[in-house]
Structure formats: C-alpha cells, structure tokens
Amino acid sequence: MKLFVSEGNPHCLKVLAAVEVSGVQCDVQYVNHEERVVPFLSRPALPALLLPSGLHLFSSNAICRYLFEVSGKDSSELCNQWLEWEATDLQPALLQALHLAVVQGKGSEVSKVLQGPLNYLEQSLSKGNTPYLTGEAVSVADVVLWAALYPVLSDASLALGERASIKAWFDRGAVMHSCQSAAQKVLQGKGLQGMKSYMQRQPAPSSSQCRDSQPCNGNPAESEESERAVSAEEMETAALTWNKGLNTCSMATSRQHPILPQEGKRNILLTSALPYVNNVPHLGNIIGCVLSTDVFSRYGRLRGWNMLFVCGTDEYGTATENKAREEGLTPQQICDKYHVIHSDIYKWFQIDFDFFGRTTTEKHTEIAQNIFWRNHKHGYLVEDTVEQLRCEKCQRFLADRFVEGICPHCSYPEARGDQCDKCGKLINAVELGEPQCKVCKETPSIRSSKHLFLDLPKLEGQLEQWLDKSTSTGDWTANAKQITRSWLRDGLKPRSITRDLRWGTPVPHPDFKEKVFYVWFDAPIGYLSITANYTDQWEKWWKNPQQVELYNFMAKDNVPFHSVMFPCSLLGAQDNYTLVNHLIATEYLNYEDTKFSKSRGVGVFGDMAKDTGIPSDVWRFYLLYVRPEGQDSAFSWADMALKNNSELLNNLGNFINRAGMFVTKFFEGCVPAMELQQEDKRLLALVGWELQQYIQLLDKVKIRDSLRRILNISRHGNQYIQLNEPWKKIKGGDTERQRAGTVTGVSVNIACLLSVMLLPYMPTVSQTIRDQFNAPQSCVDTMLQGTGTFVCSLSAGHRIGTVSPLFQKLEVDQIEALKKTFGGQQSDDEPPKKKTAQSAGSPPPAAGPAAAAEVVAGIGADPEKAKQLTQAVAEQGEKVRELKAQKAQKAAITAEVAKLLDLKKQLALAEGKGSDPAPQKGKKK
Amino acid sequence: MALRELSSLEKYLGLKKPNKYSTQGDKKVPVLQNNNGPPLVGLGTIASHLVKEAKRPNLLGDSAESRAVVQQWLEYRVTKLDGCTKEDTKAILKDLNLYLQDKVYMAGNQFTLADTFMYFGIHPIIVDLSVQEKEQYVNVARWFDHIQRCPGVRHHLPPLVVLRNRIYTSKHH
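On a predicted model such as this, the values are computed, not experimentally measured, just so you know.

Novice: Tell me what's going on with the interface of chain B and chain A, and back it up with residues and numbers.
Specialist: Contacts between the two partners involve 36 residues from chain B and, on the opposite side, 37 residues from chain A. Here chain B and chain A share an interface that buries about 3,100 Å² over both sides, 51% of which is from carbon and sulfur atoms. When the area that chain B buries against chain A is broken down by residue, the three leading residues are B:Asp26, B:Glu65 and B:Gln72, summing to 21%. In this structure, A:Glu69 engages B:Arg67 in a salt bridge whose closest nitrogen and oxygen atoms are separated by 2.6 Å. Where chain B meets chain A, there are eleven residue pairs in polar contact (both at pLDDT 80 or more). Taken together, the elements giving at least two residues each to the side of chain B that touches chain A come down to strand E3 (40–41), helix H2 (43–53), helix H3 (64–81) and helix H4 (86–99) of chain B.

Novice: Tell me what's going on with the pairing of strand E13 (residues 445–454) of chain A, and back it up with residues and numbers.
Specialist: Residue and element names in this part refer to chain A. Alignment of strand E8 (residues 381–391) against E13, held across ten bridges, turns out to be antiparallel. Looking across to E13, one finds that Glu 387 is bridged to Ser 448. Bridge count for E13 against strand E14 (residues 495–496) is two bridges, and the pairing is antiparallel. Residue Leu 454 lies in a different strand from E14, and its bridge partner there is Arg 495.

Novice: Could you give me a rundown of the confidence of the model for chain A, with the residues and numbers involved?
Specialist: The predicted structure's coordinates, where accompanied by low pLDDT, should not be read in detail. Residue and element names in this part refer to chain A. With 87% of its residues at a pLDDT of 70 or more, chain A has an overall mean of 84. For residues 824–861, every residue scores under 50 in pLDDT, and the model assigns this stretch 37 contacts once sequence neighbours within four places are set aside. Predicted confidence for residues 914–925 stays below pLDDT 50, and this span has 15 contacts to residues more than four positions away or in other chains.

Novice: Please give an account of the packing of H4(B) against helix H5 (residues 113–127) of chain B that cites residues and values.
Specialist: Residues and elements named next belong to chain B. Look at H4 against H5: their axes get within 12 Å of each other, and the N-to-C directions meet at 130°. One finds that H4 runs oblique with respect to H5. As for the relative orientation of H4 and H5, their crossing is left-handed in sense. The residues of H5 that touch H4, namely those facing Thr 89, Leu 93 and Leu 96, are Met 118, Ile 122, Ile 125 and Ile 126. Of the residues in the contact of H4 with H5, the class split is six nonpolar, one polar and no charged.

Conventions adopted
Residues numbered from 1 in each chain as written. Chains lettered and ligands numbered in written order. Predicted model: local features only at pLDDT ≥ 70, side-chain atom pairs only at ≥ 80, totals over all residues. Heavy atoms only, no water. Contact = heavy atoms within 4.5 Å. Buried area = accessible area lost by both parts, 1.4 Å probe. Salt bridge = Lys/Arg side-chain N within 4 Å of Asp/Glu carboxyl O. Polar contact = N/O pair within 3.5 Å; in protein donor to acceptor, adjacent residues only side chain to side chain. Helix = DSSP H or I, 4+ residues; strand = E, 2+ residues; numbered from the N terminus. Pairing = 2+ DSSP bridges. pLDDT = per-residue confidence, 0-100. Axes fitted to C-alpha atoms, helices over the stretch in contact; angles between N-to-C directions. Parallel < 35°, antiparallel > 145°, perpendicular 65-115°, else oblique. Left-handed = near helix turned anticlockwise from the far one by under 90°. Nonpolar A, V, L, I, M, F, W, Y, C, P; charged D, E, K, R; others polar.

Okay, here's the thing in structure tokens:
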C-alpha cells in the first residue's frame, strides 16, 4: 500500500494524521504538487492511496476512512455525516479562506468566510456534550476535521473569534502527538505560508459557489453572500446621503380613524384571511395571515403609504355548529367566546389591526344579500337539484362537516364532507365511502334538495380578462398564480352558494327560505362588512378600484377562493367593486416536521405562545425568519433557540449593544465627532446597499428575504467594530482617539438605522432601541423614504440614554422542556399501546371539553412510564455518585449529570408536571 | 431532487414505510428525521443509512477497499457532480470514461450504492449530450445504459437512449 502526498497540501495533512492515529503501515511517498498519480484523473489529485488491488483512492476523506477501517475502527453514521459535511460545506469555505489568506493576503476577511461552518461546528459540539464529534473516543471525523481546520485555527492572526467548544475540542486534538507531527511534516512549521506554493496552483475559488442561486428560498444566515465590491462613486454618494440630515416634515403622520383613501397618496387596503372562529390559531395560521399582513402594514406606514388593515373572525358554518354542540353552547355564544380568544392572541403578537371585526353582524347580512340579489338580477345564479346526504335520525341534510367517511381520492378514513384533511382535495359529500352522520353515527341516505349556484362558466371570460391584468401588474406570489391557473385550466363549473343549515347568513330568496349562504360565498364578503362596521364610508375603499390597491394575505389553501370565486361574486354583482391587486400566499409551516394538530396536542397554539416566557418580539422574529415563502418550512424549537442565540443575541443584539456601550463608556454618553475616512464611507455604502435591497424586497412583500438584510447590516457592523477595535484606540493618542470616536459614532448610527428597519418585524425591540438612544422620532420617517436614505440621525454631541441588553439567551434545557411540553416528540416516546389509544380519537371519559393547556398536560402524564423513569433516575443517580467518589474526569461526570437531569425532566413530564416552565438549574445530585 | 432519489432508493430497497425528509439550506441538503436520535443530514449519509436499515450491507461494498471506493464516489457525486458547470462536465466525463474503461460497476465487479447515486447525479448531464458526444464517452454510456436497465434503479428518471448500435429501440422488445 502506497500513499502519495505533497508538501504544503492541506488535504495531505488529513491522511498523514490518519496514518499516525490508525497506526496502519504504509509507504509514504512525497511527490510534486503537479504529479499525476491517479491514472484516470486529468487533473493532479493528491493525496492518493494505491490500494493492494491496484485501485486508487483519490479522496482524502475516503483514504482516512479506509485507514481507520483496516485498523479495526468502522465509521458510524454520525461519522459519515461529519465527513460529508466536511466535503460539501467546510471544504469550499476553507478553500476560499485559504486562498484569501495565503494568496491574496487578505487574512482579515477569512473570519467572515468561515463563520458559517465554524458556528455550525461550535453549535454541534456544545450541543453534543461529548469530548469528540461522535462520542467519547476519537473517530475518523475528528481527525479529518481537526486536520482540515489546523491551518486556520492554529493561526492566531486570522482572528476568527472565540468559540469555546471548538477551542476545547481542537486543543484535545492538539494533545495527540500524531496530529502535531503530521502538521509539522506538511507545513514544516511555516504555518499558512507553508501552503503558498500549493495554493497558488489551485484555481481561485469562484465566489459564486457560495452564493445563493435562488434568493427567495434560502435560509437567511446560512447563505452568506460574499463581500460586495463597492465603487468609489457609491462611497461618495453614501457619504453625501449621510450628511443630508433628517427630514423635518413628518411623512408618516399619526393615524386618524377612520382612515379613508386620499387623493394623491398610495391608498392600500390590506386584508388578512379571516381566521375561522372555532379554533385557536396555531403558529402556521399566524405567520400565514395576520403576522405577515402586520409586517407589511407597519412597513407601508413607514413608507408613507395610506393604509387600512382589516381582519376579523369568520363565524358562520357547520364547524361552529359542531363546536357549539360539543361545548353545550349556542353558536352565537361560541363565536362570542372565541372571538375574544382570537383578539387576545393577536394583541399579544402585537398585530396592529386598524379594525378587527366579525362576520356575524347586521351589516354583513345586508351586504351579502345585496351582492346575492345583484348576481341574481344579472342572471349569474342558476337553480339546480343536488343529491345530498340526509340523516333520517337527526332529521336534516348533512352538509360539509356533519358527515365523515372514506376519501374517494386517497382512501383516508376520516375525510370530511367537503374536503379531505389528508390529500386536501375537495369532495362532494355523496362520493364519500361509508358515510356516517357525525352526530349520531348513523348511515345517511341520499336525497335531493334544491340549491342555487353561481354560474362561474358564464363569468369565466370576465374573470380571465381581469386576472390577466391583475397578475401582470400586481405582485402575486408564484403559488397564487399557479393555483389560479390550474383552476382555470380545469374549467370552471357552477358552484353552489346555498346550504341546508341554520347558522349562516339567510338566503333572502323566498324559494330558498330555510337555507343559508355557503361559507365560501359568504366569508370573503366579511372583508367588506367588517370595513363597513369600521366606517360608514366603507365604499370609498371597496367600490373604488381607481384609487385603491387591494392586498390579500393568506395561506395557499385559500387561494382559489380569493382569486376565482370571490372575484366572480363581485364581478357578477357589477357594482364597481375593488378587486384584489396583489395576492400574497404562503406555503405551509410544519411543526418539527409534522403537522400542527390540535386534536393530538402537537404544536404551539396562539394562546400558549405567551406561556413559554419567550417575548412576543422573539416569536415574531423567528416565525418571520422561517416564513414559508416560496416553499414549506418547519418550526423547530432547537432552531428557534439557535437563531435567537446566534442571530438576535450574538449578531444583532451584540452589535447594537456594543455601539451604545462605547458611547456610554468612552464618550460620557454623548455621540462623538465623526471624521469619515474611506473605510467608513465604504461601510456606509455597504449598509446603504443592504437598505436598498431591504426596501426593494419588502415593496414586493418578500418578508423573509428582507429580514436577512437587517442581519447582514449588523454583521457588517460587528466586523467593522472588530476590525477597528475602538476599545484599544480610545487608550491611544489624539488621532487614535478620534478614530475610536468616528467608529463609535458610525456604529451607533447604524444601530439607529437598524431600529427603524426592525420596526415592522419587532416593534417593541425597535422602540426600545430608539428609547435607549434618545433617537429623534423623525429618524423613523426619514430612512425608508424613496430607495432608502441612511442619514446620520444621531449627530455629534447627541446625548443617548441608558443602554441595556436587548435579548436573552435561550438555554438548551429550557428549550428541551418546551419541546416536550408542546408535543412533537412526546407521542414517539410513548409506549405503542398508549399511542394507538390516542390516535383512535376516542377521548378519555373524564377529558371532555378541556382547555388546550390541560389537554397537553394530560397527554404527557403516563403513570406506567413514570414508574420506569423513577427507576432509571435512581440508577443514574447512583452512577453519578460513584463517578464522583472515584474522582472521575470532569467531562465524564458532566455528561452523566446531564443524562440524569434529562431523565428527571422526562419523569416530571410523565407525572404530568410537564407544563412547568421553569427548568431546573444549578447543581443537582 | 435529492429527496426523489432517496425515495427511489427506498423503493429499490423495498423499505415498507417511506421515511419523511426535509431539506435545509440553499443547496437543499436532505435531512432525515430519526425517531430514536438526532436527524441525519446529507445525501450520502442518509443513503448509507437506508442501505443498512434494509440489511443490504453489500450495497456499500463487500470489503474495506470497496467500501472506501463506494464512499469516495458518493462524495464525488455531492461535491463534483452536483452544481458542476458546463466546463466541468467535459473533464468529469473524460475522467469517468477512463475510469470505467476496465470496470462494469463503479466499485469494480459489484453493483453498489455508488452506481445508483452516480447514475442519478449524471443523468442531467447525459440528457444534454448529443449522440456524437455520447459516443465519445462510450464507457460512460455503456455503464449508464447498464445501470438504467438494472431492475428497480431508475424509478423517477426517464430512460435515455445512450447507445446507437441497436437495431431495435427499447420500445420494440
């Protein structure tokens, strides 16, 4: 077996270390960088291992893996994962970093290139709680990563920043003689410079490799853009803007109700899909509708647009009737009760509606019946007889949700009469297999009943004409356009607008006395009637397409109702209604990769979010950060903690707090004088560019993407502070002190800009920052005008207030406890017997209509499991005591203690104390 | 894309219960949520895991040597084939053509996971080749044709005509 290596080649460091660690005998031959050892590869590839069979291995990771395997150490799955990550994520970044440092002499930029992978490694190490990557012992993954990172981590001049877990792990590797001696062989003690001749022969890594090709789908922080080149012209423009000063006249005047369209302004009417009243909304509902709309509405006001944001609860329909029967109340009582619940939840999430109404109002009946009559008059309603399921025992037709059966499309056994929860397809109730009355479980019979239909085929021409115009001039999300197109492609059919129900808007036609409007026809009219309850002059918004732009926000399942059905109702009424100009639909948000499910207690529901102790602003931030924009996304507790700690705390909060602290500590709380140099102007240009992007994206309602721009700015800011070290310069001579002043002044002004950009996302934090800085209110009105104007709003001499940290760390144990409390994993943890009992859907006799929190706690409690866990806790406790008595290694003890704490937590959960939000801290036996 | 490959692999392996995957990052790296442990990340990692789960260890190679070769090509797949540019494809095809000169499968004489995932990864490159180019890389074409005809491998991808020296197209026999 022969191993070919070359000096100064960082990949060779890996294999030499692996040879030493594994102790495998092999003949090492040093060759020139350009030597072609592997016969079938046209480019030189080193290291290479010639196997006894005559085959060549040319991947350094495969060589290391092989060496470990022949020495009797198989690689685990976790090992595989690290090796794959090393090859796909770390190496491209490392290559770029080494090129910067060794060839281009830009060592200062290395930290930025590497921060993504290094942060990931740091997180994994600190989370894993083991001394090595895959456990208690050294594996091939440790050797490969250690050797890959050795050149950069051992060079202090690169200033990569403190990462405690990486440092501990790296130092552990350094103790190993084998790694050190491999490094000595390859780099010859010359450090990074030892690689110069090798690196110079490598093609310059194109920055496009790291660049995100589809900006709308990316995860903001994970796709770092490489440094943008800034031209001298951009720098001068940025400096000019900086000196402009604040607008004196206030653009965004305070709101005066009722808000009405104004001549010469951009008049925007915002609606968020009306949440259905009988459910507590979950996080997916919140991000899809009200939260997204709220961000856009706050942003629009900053832009000086004249906006009205209306929403309300959708209260009619069979689901409400069902719920009323379940809870032993009247439908009206149910609506009253849940309307308040909704209202409170949105208040907690700081959703700033101009008006939050409801659909069960007189105005609603009036407007709905008017639209009905107008459609009738113009001949867009047709009569037809339909076959319907009727339960003889209950003496009624079984509409929608009163019947359940097997889905004709996907055979899901619990499909509802109108739609299947599994495949999402719409169902005609008579097509259900083995239908059952939901009330009495009897099999219903098929009977005919007379209904009115909206003649969609007759309206199709008008609809298409309008759609062409609206989708080409407005901002429709891709999914909205696509769903609409597929509806039109399949051809429209007449659609029933009446139902045999009680709880709804009565059909005014004498031939259909006992019937009400079908919710799909009725509910969107709620937008109009809610506005009418807000102001008598509602028609200035709703019958004014010339002056008003209408934005509808919703999740994608709601698209056809807003793009096809509702516009048809309004077109058929021929009353100059305002139709949607911009249709913004999100994809779905999953919960820890499963669906939110009220019945299974899985997921976080609006009313529980505040019980977590996590501030509303942080919830908003994370939900917007994972907003399912362009593709489905998932809510994950671990990710939420990660994003809170890495983005809010370490990036954004850290920058803003530092900027303020420097002013307080070094300049007695007064913003120092600033003398802009090239470097500062360059930063202003970079920040200005990010601000422009932010505005361009938010104008197009790319809420998630523009959030990334905010985080980019604070990253630039952190780098700028790190590079200029004002805390050192302040101790120097006059020039140095002045430099410290400029850097501090520029930083605190960037922080002020950030507070404005944050306003739509985190209103409380945004205000807190400005309060801490005593920032003038006019900065809010200035910065987001036009294409974005980053001006110096805290000029020299301005006195700031008291600065304090904005965010708190989310601890691992805290987040684990929350994760358990809110389902997700817990159903998997439970013994299978229990699980089937639950999924069968028969509630335990005592449960009844329990409040949501009780349901969750109830599911957690499990006496059988508690017994097992008590035993396990006792055993683990014994083990820890033994270790301590033997004075075992500290790391080993810590690991066992962690296990013990975890067991105790599980026990608490199994005993039904799971909802206790206070995680235990401090030393425990 | 990667998710479809994994589900094709599941079918090939005859795994009864399809797994749930998600993706992370811009490169849409597949993630497998694991009930009894942390999630697995990465195409090669998950694929190797599925093979173990299906108790078909031979698909990962039957010796230390071939296991290393299989992993090497899995890595090659995700680092070199994925996201390669037009210029890269020429060099890749040239190298592979030379490599496959004396081989039936990627790891010698035995069908392995390396064949499956190199096939999936190279499919989009082969689709764009002209007949002349396909003939230029005759060993790649032979291997490719062989793999796409292996029962149960192809699944989500359309069959491609890579070799011209047939009297009948595949439709007629």
